[in-house]
Amino acid sequence: MPKEMNEITERISLAGIDPVNLLGPGDSNLKVIQHSFKAKIFARGDEVIIKGGAEELEAITSLILNLRARVESGSVLQERDIGLAISQASERHRDIQERGTVAALALKKLIRPKSPGQAQYLDAIRDHDLVIAVGPAGTGKTYLAVAAAVAALNERQVERIILCRPAVEAGESLGFLPGDFRDKIDPYMRPLYDALYDLMSPEKVRRFMANEIIEIVPLAYMRGRTLNNSFVILDEAQNATRTQMKMFLTRLGFNSKAVVTGDVTQIDLPRSDSSGLVHIQEVLSRVEGIKFINLSERDVVRHHLVQRIIQAYQSSSQTEDRGHNQDDQTGPSD
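Keep in mind the model is a prediction, meaning the values are calculated, not measured.

Asker: When you look at unusual backbone geometry in this model, what are you seeing that I'm missing?
Answerer: With the exception of glycine, the majority of residues adopt a negative phi angle, and the majority of peptide bonds are in the trans configuration. Even without glycine at this site, Asp27 takes up a positive phi of about 60°. You will see that Glu212, though not glycine, has its phi angle at about 60°, which is positive. Position of Glu212 relative to the elements: it lies in the loop between helix H9 (202-210) and strand E6 (214-218). Using a relative accessible area of 54% as the deciding quantity, one classes Glu212 as exposed.

Laid out in structure tokens, this is it:
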């Protein structure tokens, strides 16, 4: 097989850190790392790009994510830090494989965290039966959860995968739409299909769905079920009401995992309904066994403009909030 067919590309975002601290003057740190590996390692824009074989990329990705986390915490990297990181890379790689941090086994592609937040997210999924991930678009909330679910299924840790979303745009009442049941719900479930097809062959997805090994359903259709030996994902959870959220969380059965994902800045519920995702952050914050993960624009792995767009909206929202607070303090004018 040609060499290029075995080559995999990894990208690590440098957003939110001082790139010179990580890369070194003239990318000198990268050159030291490059000298120790066969893979190609270079910086382009606000990313570090790694191209090489799967096993080596595992070690290099872990190495650079570790250095990135140190820079993000305020450390100034020295030459000895780079050398120590290189010597520890192989050991870190073995540890990741043993602990299952990377949801990559038996998939179409290798899936690895591309930011410290994503690494924490995958660790949480491994170690907890219920994980609630909140963050903006592009942080990999849904994709990594589906990847972890597929890996768990392939490793026979669970017997089935259930993916659901609130079909809020249709008010959970899909009867007026044309077509059969699947035709009605598919537009609202499309992102879940996209993730599955990116991780598994279309033939395997269709076969698993025909055998109900994989189910994709609206949240309303989860009522009354008990899900044993399952990996259950509730996506777009900000659009679940408090009642729906409680219903979903109490579906969890024996030997099952659940991941809840959402973005509290994109709530589409009517004003009369409060978001169940916002509510559980208050109600369940101290419940043992539940892990909350907060992702930010630093974990965005889409086009670099997405990070800037999110930051711009956050800045605009904060400005509007300050304006409203000033108006409230001033009171109505005569």
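Asker: Could you clarify how one ought to interpret the environment of Leu22 in this entry?
Answerer: Checked against the element boundaries, Leu22 lands in helix H2 (residues 19-23). Among the residues examined, Leu22 registers a relative accessible area of 5% and is labelled buried. Every residue in contact with Leu22, bar those within four places of it in the chain, is listed here: Leu14, Ile17, Asn29, Leu67, Arg68, Val71 and Leu77.

Asker: In this structure, what is going on with the packing of helix H6 (residues 116-127) against helix H7 (residues 141-154)? I would like to understand it.
Answerer: Helix-helix packing is characterised by the crossing angle of the two axes and by the distance between the axes. Their axes nearest at 11 Å, the elements H6 and H7 cross at an angle of 40°. The angle between H6 and H7 falls in the class oblique. The two elements H6 and H7 meet at a crossing, and its hand is right-handed. Along its contact with H6, which presents Gln118, Tyr121, Leu122 and Ile125, the element H7 presents Lys141, Leu144, Ala145 and Ala148. For the contact of H6 with H7, a count of residues per class yields 6 nonpolar, 1 polar and 1 charged.

Analysis parameters
Just so you know, the residues in each chain are numbered from 1, in the order the chain's sequence is written. For a predicted model such as this one, the threshold for reporting local features is a pLDDT of at least 70, and the threshold for listing and counting side-chain atom pairs is 80 or more; totals across whole chains, interfaces and linings nevertheless cover every residue. Remark: hydrogens and water are excluded; side-chain values derive from all non-hydrogen atoms of the structure. Here a strand is any run of E in DSSP of at least two residues, a helix any run of H or I of at least four, and the numbering for each starts at the N terminus. Each residue gets one of three labels from its accessible area relative to the maximum for its type: buried under 20%, exposed over 50%, partly exposed in between, using a 1.4 Å probe on protein chains only. Here a residue-residue contact requires only that any non-hydrogen atoms of the pair lie within 4.5 Å. Helix axes are fitted to C-alpha atoms over the stretch in contact, other axes to C-alpha atoms as well, and angles between N-to-C directions run from 0 to 180 degrees. Convention used here: angles under 35 degrees read as roughly parallel, angles over 145 as roughly antiparallel, angles from 65 to 115 as roughly perpendicular, and any remaining angle as oblique. Take the far helix as your reference; a near helix turned counterclockwise from it by less than a right angle gives a left-handed crossing, and one turned clockwise gives a right-handed crossing. Gly is put with the polar residues, along with every residue not named as nonpolar or charged; the nonpolar set is Ala, Val, Leu, Ile, Met, Phe, Trp, Tyr, Cys and Pro, and the charged set is Asp, Glu, Lys and Arg.

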